[in-house]
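Coordinates in review
What follows is the residue order along each chain.
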Amino acid sequence: MATGLKSAVLGATGYSGLELTRILLRHPRLEKPVLLLRGGENGAGATDLADVFPELSGNGGYPLHSLSWSALQQQGVRLLFLATPHEASRALVPEALAHGLRVIDLSGAWRLKQAQHRAIYDFQDSDSATATDVTEKAVYGLPELNGGRIASAELVANPGCYPTAALLALLPLARGGLIDETREVVIDAASGVTGAGRTLKRDLLFGEVAEDFRAYAAGNEHRHLPELKAALAREGGFTGDLVFTPHLLPVKRGILETIHVPLARVIDRATAEGIYDTVYANEPCVAVLHGAMPSLKDVVYRNRVAIGVAVVANVRRPRLTVIAAIDNLVKGAAGQAIQNMNVMLGLPETAGLTC
Ligand SMILES: NC(=O)c1ccc[n+]([C@@H]2O[C@H](COP(=O)([O-])OP(=O)(O)OC[C@H]3O[C@@H](n4cnc5c(N)ncnc54)[C@H](OP(=O)(O)O)[C@@H]3O)[C@@H](O)[C@H]2O)c1
């Protein structure tokens, strides 16, 4: 049964936009989305999404259209997904809102407050009245935390993939005052190569990545870190230090984060698991494992975070190892965007999703 709601996607020729389009096409309550094309590197010369992804051919076609605000209005589009680079989203969101669209943006363009943006992205507009106004409207789209605010949002800033896993792992402990903030929380995270997008990069060629494993942006250089710190402070009252080291994993999709948490007091494993069970009792997309640790198999192609904990033995001060796994393209991007959309439209939170 369709609600008559029509959405549009810009960026369907990229990895997260394709994932989003696939979910929208099978969503039980939405019309077929309008697919918009820039036609840069990925979609050059394409008129149908099957020109870019031949595996989609034979299903009646997925025409690609140029972006036109008036055409979107005439087609009755109410909701726009942007699966585009930060700079493109930064320019397009104010225009989309001005044309009465609700927007879910998968990029980092609207996740942070102005001062933090200036430090990371060097957006030219950071001081403008429009950017300030749009920033105030943006709701950070982690439904497990912000469901109430997402429901009425005009603009949802979908969280980054690494922060999604880390926040869902750390917030229950932060909110319970269990983290010893005089010591660092250390996050060793590894992502499959689709996390870097579909644009050609020499470092991501099969010959460079296969059978290798390497860190990048070591020394707290990754731009997801300010987003993670801001959300931990805002939602969990945590103001301690983080050490975040991402790694490139030679698989297509999936993120696994091993998080070393200094504890303010001794707790055993059952107590730690019980904290997650309580916090996530009504969250369909969070799987708390008992006596086990997650692996990518538990989460790929699902809109799920899987979390496992172990108490660290033989150390002088109490410490917990928390492992969180997600599919970067699903719970880390497109699936979470659909989960947010469901909340915005008052639909069941998991409609169209496999958690
Ligand atoms: N990949 C992930 O795991 C992941 C996870 C969370 C969030 N994100 C975020 O999601 C966004 C998309 O990431 P991705 O990995 O899917 O990237 P991608 O595979 O490189 O795709 C980018 C898409 O954006 C389009 N595009 C590029 N520049 C544009 C512009 N100036 N105006 C309009 N469209 C433009 C491209 O279209 P053409 O080349 O056809 O022009 C392509 O469809 C990024 O902001 C990324 O940070 C990605």
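Residues numbered from 1 in each chain as written. Predicted model: local features only at pLDDT ≥ 70, side-chain atom pairs only at ≥ 80, totals over all residues. Heavy atoms only, no water.

It is at 11 Å that the axes of helix 4 (residues 86–98) and helix 6 (residues 129–137) come closest, and there the two elements cross at 80°. Between helix 4 and helix 6, the interaxial angle falls into the category roughly perpendicular. Contact residues: helix 4 offers R90, V93, P94 and L97, while helix 6 offers T130, A131, V134, T135 and K137. Taken together, the residues of the contact of helix 4 with helix 6 break down into 5 nonpolar, 2 polar and 2 charged. (Axes fitted to C-alpha atoms, helices over the stretch in contact; angles between N-to-C directions. Helix = DSSP H or I, 4+ residues; strand = E, 2+ residues; numbered from the N terminus. Parallel < 35°, antiparallel > 145°, perpendicular 65-115°, else oblique. Contact = heavy atoms within 4.5 Å. Nonpolar A, V, L, I, M, F, W, Y, C, P; charged D, E, K, R; others polar.)

Its identity as a non-glycine residue notwithstanding, E211 has a phi of 60°, on the positive side. Under the relative-accessibility criterion, E211 is labelled exposed at 83%. The backbone of A217 sits at a positive phi, close to 50°, despite the residue not being glycine. Note that A217 resides in the loop between strand 9 (214–215) and helix 10 (224–236). Note on A217: relative accessible area 27%, which makes it partly exposed. (Buried < 20%, exposed > 50% of the residue type's maximum accessible area, 1.4 Å probe, protein only.)

The ligand sits among 29 residues. The nearest are T13, S16, R38, G40 and T84. A distance of 2.7 Å is found between an oxygen atom of the ligand and a backbone nitrogen or oxygen belonging to T84. T194 places a main-chain nitrogen or oxygen 3.0 Å from a nitrogen atom of the ligand. By residue class, the composition of the shell around the ligand is 9 nonpolar, 17 polar and 3 charged. Counting contributing residues, the shell around the ligand receives three or more from each of domain 1 (7–158 + 333–345) and domain 2 (161–326). (Near = heavy atom within 4 Å. Polar contact = N/O pair within 3.5 Å; in protein donor to acceptor, adjacent residues only side chain to side chain. Domains from an automatic or database assignment.)

The next point concerns the sheet that holds strand 10 (residues 242–248). Taken in spatial order, the 7 strands make up an open sheet running 9-10-8-11-14-13-12, and their pairing is mixed. If you trace the sheet from one side to the other, it starts and ends with strand 9 and strand 12 (286–288), each paired once. Where strand 9 and strand 10 come together, 2 bridges link them in antiparallel fashion. When the bridges of strand 10 are listed, A215 appears paired with H247. (Pairing = 2+ DSSP bridges.)

Where charged atoms from two side chains of opposite charge approach closely, those side chains can pair. One pass over the full model with this rule turns up 11 salt bridges. The salt bridge involving E55 is made with R22; its shortest N-O contact spans 3.9 Å. Placement of E55 in the loop between helix 2 (49–52) and strand 3 (64–65) and of R22 in helix 1 (residues 15–26) is noted, with a sequence separation of 33 residues between them. With a closest N to O distance of 3.5 Å, K137 and D133 form a salt bridge. In this pair, K137 and D133 are both assigned in helix 6, 4 residues apart and thus about one turn of the helix distant. The partly exposed category is assigned to K137, whose relative accessible area is 29%. Its relative accessible area of 42% is what places D133 among the partly exposed residues. (Salt bridge = Lys/Arg side-chain N within 4 Å of Asp/Glu carboxyl O.)

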